[in-house]
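Observations on chain architecture
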Amino acid sequence: MEQGKMDIEAIVQAVLAELNKKNAGQPAAAPAKTAANGELVIDLPDPTVPEHRFAPGVKNPYDLEGLRNLMATTTARIGVGRAGPRPRTASLLLFQSDHGVTQDAIYGEVDQAVLDKFELFTVQTQVEDRNQYLTRPDLGRKLSEEAKKVIAERCVKKPQVQIVVGDGLSAAAINNNFPLIYPVIVQGLKSANISLGTPFFIKFARVGVINDVNDIIGADVVVILIGERPGLGIADALSAYMGWRPTAGKTDAERDVVCMITVHGGTNPLEGGAYVVDMIKKTLQYQASGVELKLKTSGQG
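We now turn to the structure provided with this report. Note that this is a predicted model, so its numbers are computed, not measured. (Residues numbered from 1 in each chain as written. Predicted model: local features only at pLDDT ≥ 70, side-chain atom pairs only at ≥ 80, totals over all residues. Heavy atoms only, no water.)

Even without a glycine there, the phi angle at K158 is positive, about 55 degrees. For K158, a relative accessible area of 66% corresponds to the exposed category. The phi torsion at F204 lies on the positive side, around 60 degrees, for a residue other than glycine. For F204, the position within the fold is in the loop between β5 (200-203) and α9 (209-217). (Buried < 20%, exposed > 50% of the residue type's maximum accessible area, 1.4 Å probe, protein only. Helix = DSSP H or I, 4+ residues; strand = E, 2+ residues; numbered from the N terminus.)

Rendered as structure tokens:
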């Protein structure tokens, strides 16, 4: 056993000696830069700015222009290059930065000032905290008993359209996009003489909660503006799900959606609001949503 230990130590010493030989005569690593006040200066470029985010990372590509065109067709991380078997430093830093943004979106809170601005009261699903929200989607589809009482007391019954707001998987989606899209929807419905119910906010919401909501309110159409699952790069996308007279047992097949509403590479919230109003009008006209609406508008239903 003692002999084995000595052999390992000898191998380690030999490897270190070989490395020292290879490094002999090489310039020493540049010391970390410091500002006049002694603080560390990071001189690496910001990998999140467009000129670096979308720059090809492959060294000496066969067709540089072709690679750029290919990268422009997708948000997937292609053409980033490798450093041996590992990601390049710039690619790794960008990935870590984007991952941090998604974590902030998932665990963030909707700004109370946004809710106050549009006079939205708050209720909650049966979820107790964020960790449970992520592991128990079923509880996010059900209102708490207290929420049912508050909605019954404060909401107008049987409007043509009921709008609710849900944090979903991105609080940033609500904070950034709701103040832009909501006035467009309200104005569009008003111009079309479509009655609107009492809007409110649902904490820890999943899309299916609109079934519970409408069992209380009895609207013709329920729309939920909810934060989408964040991706690595875009973490504030909003979706508008809607259904014709949702009730217990109705599924995604009976809903429509306008998704990827964001100023960061998606549908602009102002344009998205117009799409939502148009979809509401079709839903009211055909008295259907989801697959059934597709069949009716195509002449098959």
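Next, the rest of the story.
Here D212 shows up in helix α9. Its relative accessible area of 10% is what places D212 among the buried residues. A polar contact of 3.0 Å, which involves the side chain of D212, links it to the backbone nitrogen of L143. Not counting the four nearest positions on each side in its chain, D212 is found in contact with R141, K142, L143 and K148. (Polar contact = N/O pair within 3.5 Å; in protein donor to acceptor, adjacent residues only side chain to side chain. Contact = heavy atoms within 4.5 Å.)

We now examine the nonpolar core. Core analysis: the largest hydrophobic core is formed by 34 residues, its most contacted members being F178, V223 and L225. Broken down by secondary-structure element, the contributors of at least two residues to this core are α5 (112-117), β4 (161-166), α8 (171-191), β6 (221-227), β7 (238-244), β8 (255-261) and α10 (269-286). With eight residues, the top contributor of residues to this core is α8. Judged by nonpolar contacts, the second largest core, of 20 residues, contains F121, L143, V213 and I217. (Core = buried A, V, L, I, M, F, W, Y, C linked by side-chain atoms within 4.5 Å.)

Right, let's get into a nonpolar patch on the surface. A contiguous nonpolar patch, built from L180, V263 and L270 and spanning about 250 Å² of accessible area, is present on the exposed surface. On the secondary structure map, V263 appears in the loop between β8 and α10. (Patch = residues over 30% accessible without salt bridge, like charges linked within 9 Å, V, L, I, M, F, W, Y side chains within 5 Å. Areas by Shrake-Rupley, 256 points an atom, 1.4 Å probe, with all protein chains shown as cover. Salt bridge = Lys/Arg side-chain N within 4 Å of Asp/Glu carboxyl O.)

Describing two packed helices takes the angle between their axes plus the distance from one axis to the other. With their axes 9 Å apart at the nearest point, helix α7 (residues 145-154) and α9 run at an angle of 45 degrees to one another. Between α7 and α9, the interaxial angle falls into the category oblique. In this structure, α7 meets α9 at a crossing whose hand is right-handed. Counting all contacts with α7, which are made through K148, I151 and A152, the residues of α9 involved are D212, I216 and I217. Here the residues of the contact of α7 with α9 are counted per class, giving four nonpolar, no polar and two charged. (Axes fitted to C-alpha atoms, helices over the stretch in contact; angles between N-to-C directions. Parallel < 35°, antiparallel > 145°, perpendicular 65-115°, else oblique. Left-handed = near helix turned anticlockwise from the far one by under 90°. Nonpolar A, V, L, I, M, F, W, Y, C, P; charged D, E, K, R; others polar.)

Right, let's get into the environment of E292. Inspection of the secondary structure puts E292 in helix α11 (residues 291-297). Sequence spacing of E292 and R255 is 37 residues, and the spatial spacing of their C-alpha atoms is 9.3 Å.

Taken in spatial order, the six strands line up as β3-β5-β4-β6-β7-β8 in an open sheet, and their pairing is mixed. In this open sheet, the two strands that pair with only one neighbour each are β3 (121-124) and β8. Here the average twist between neighbouring strands, direction ignored, is 25 degrees. Looking at chain direction, β7 and β8 are connected through five bridges and run antiparallel. (Pairing = 2+ DSSP bridges.)

Turning next to the pattern of salt bridges. The tally for this structure, following the rule as stated, stands at 12 salt bridges. A salt bridge links D167 to R130, with the shortest nitrogen-to-oxygen separation between them at 3.3 Å. Residue D167 is located in the loop between β4 and α8, and its partner R130 is located in helix α6 (residues 130-135); the two are separated by 37 residues in the primary sequence. Across this residue pair, the class does not change: D167 and R130 are buried. Among the salt bridges present, the one from K296 reaches E292, with a minimum N-O distance of 3.6 Å. Of this pair, K296 and E292 both sit in helix α11, separated by four residues, roughly a single helical turn. Under the relative-accessibility criterion, K296 is labelled partly exposed at 29%. For E292, a relative accessible area of 44% gives the class partly exposed. Salt bridges sharing common partners tie together R53, R77 and D98.

On their own, these measurements won't tell you what the molecule is for.
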